[in-house]
Amino acid sequence: MTVAKTDYRFRRSGIGLAIALPLFFLASAQAQVQTAAPVVPPAPAAAKAALTPSLANPVNALPPNATVPLAKPAPPAAPLPRVRSSVAILQALDKVTAETIRFEVPVGQPVRYKTLVFTVRACETTAPDEGVQDFSAYVLVDSQPVPSPGKEIPSARQVFRGWMYASSPGLNPLQHPVYDAWLIACKATPPVTPRPASPPKPKPVVTPDLIALAPVATAPVAPTVEPSAQVPAPSR
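None of the values given here were measured: they were computed from a predicted structure. (Residues numbered from 1 in each chain as written. Predicted model: local features only at pLDDT ≥ 70, side-chain atom pairs only at ≥ 80, totals over all residues. Heavy atoms only, no water.)

**A few points about the overall build of the chain**
The condition that has to hold: Secondary structure elements are taken from DSSP: a helix is a run of H or I of four residues or more, a strand is a run of E of two residues or more, and numbering for both begins at the N terminus. Buried, partly exposed and exposed residues are distinguished by accessible area as a fraction of the type maximum, computed with a 1.4 Å probe on protein chains only: under 20%, between the cut-offs, and over 50%, respectively. Between two residues, a contact is recorded if the distance between any of their heavy atoms is within 4.5 Å. To be clear on the numbers: accessible area is Shrake-Rupley with a 1.4 Å probe, and residue cover counts the displayed protein chains and nothing else.
What the chain contains, in helices and strands, is 2 helices and 8 strands. Beginning at the N terminus, the succession of helices and strands in the chain can be written as α-α-β-β-β-β-β-β-β-β. For the chain, the residues scored as buried account for 18% of the 236 residues in total. Across the chain, the fraction of contacts at a sequence separation of at least 24, relative to all contacts at a separation of at least 6, is 48%. Approximately 19,900 Å² of the chain is accessible, and the part contributed by carbon and sulfur atoms is 64%.

**Describing the state of the cysteines**
Here, disulfide denotes a covalent bond that connects the sulfur atoms of two cysteines. Operational definition: For the purposes of this analysis, a disulfide is any pair of cysteine sulfur atoms at a distance within 2.5 Å.
Applying the stated rule across the entire model yields 1 disulfide. The residue that forms a disulfide with Cys123 is Cys186, at a sulfur-sulfur distance of 1.8 Å. Given an S-S torsion of about -90°, the disulfide between Cys123 and Cys186 has left-handed geometry. Of this pair, Cys123 sits in strand E5 (residues 116-125) while Cys186 is found in strand E8 (residues 179-187), placing the two residues 63 residues apart along the sequence.

**Some words on the nonpolar core**
We apply this condition: For this analysis, a nonpolar core means a set of buried residues of the types Ala, Val, Leu, Ile, Met, Phe, Trp, Tyr and Cys, connected via side-chain atoms within 4.5 Å.
Ranked by internal contacts, the top residues of the largest apolar core, which has 22 residues, are Phe118, Val139, Val141, Leu174 and Leu183. Among the elements of the structure, strand E2 (87-94), strand E3 (99-106), E5, strand E6 (135-143), strand E7 (157-165) and E8 are those that each provide at least two residues to this core. Top element by residues in this core is E8. It accounts for 5 residues. Leaving out residues up to four positions away in the same chain, Val139 has contacts with Phe118, Thr119, Val120, Phe160, Arg161, Gly162 and Met164.

**Looking at the pattern of salt bridges**
Heads up, the rule is: Just to be clear on terms, a salt bridge is a Lys or Arg side-chain nitrogen sitting within 4 Å of an Asp or Glu carboxyl oxygen.
One pass over the full model with this rule turns up 7 salt bridges. Measuring nitrogen to oxygen at the nearest pair gives 2.6 Å for the salt bridge that ties Lys114 to Asp94. Remark: Asp94 occurs in strand E2 and Lys114 occurs in the loop between strand E4 (111-113) and E5; sequence separation between them is 20 residues. The class of Lys114 is partly exposed, set by a relative accessible area of 31%. Among the ionic pairs, Lys187 bridges to Glu104, the shortest N-O distance being 2.9 Å. Separated by 83 residues along the polypeptide, Lys187 in strand E8 and Glu104 in strand E3 bring together distant segments of the chain. Overall, Glu104 belongs to the partly exposed group, its relative accessible area being 41%.

Next comes the structure, spelled out in structure tokens:
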């Protein structure tokens, strides 16, 4: 009977110890968390008012439905104009004789190559802001046989009209059974500067010692005639 009571008491104390130990460890862990991360006190009302815009301040206050205008983007810069030249450099090929020739065509002046007459209306070079340098020319090509002396000038027939590009000669080529022609470049003729007029030759300085005395014109002196002696009258 005594043994049974002792066993019962031991069991009751063991059960209580098993329940108390987890509670003890849980309480100690909560205490460590509280000491490691202290609770930050809330900000005072004055600090909150400084951080949030005040409705009493018209500078910081915004209406509830206000929209903030966005800054307008800067307008794009105007493209630079292309450089216009006064001379176009063309190259032509005779498919029959395999002859190639490079020649210059001034803008507005027709130039003949065998039976073709080339007239350039404009020759342009790309602007510096385009990145790649290229040349383009507006060309008129007429087919006209060479006139024979003593005969009428044959009529011309237009075989090409449009832009030619130096970097892409096959983009808009001349379609002719005998000849090919394409643009090489645009050339600017240097301005003709007039020669300065020669300065006038300085006049020689004449000193008084070198002045030639001009002959003094004298009036002709009439010859003096002496009075003749009186001749006595003849006596009668």
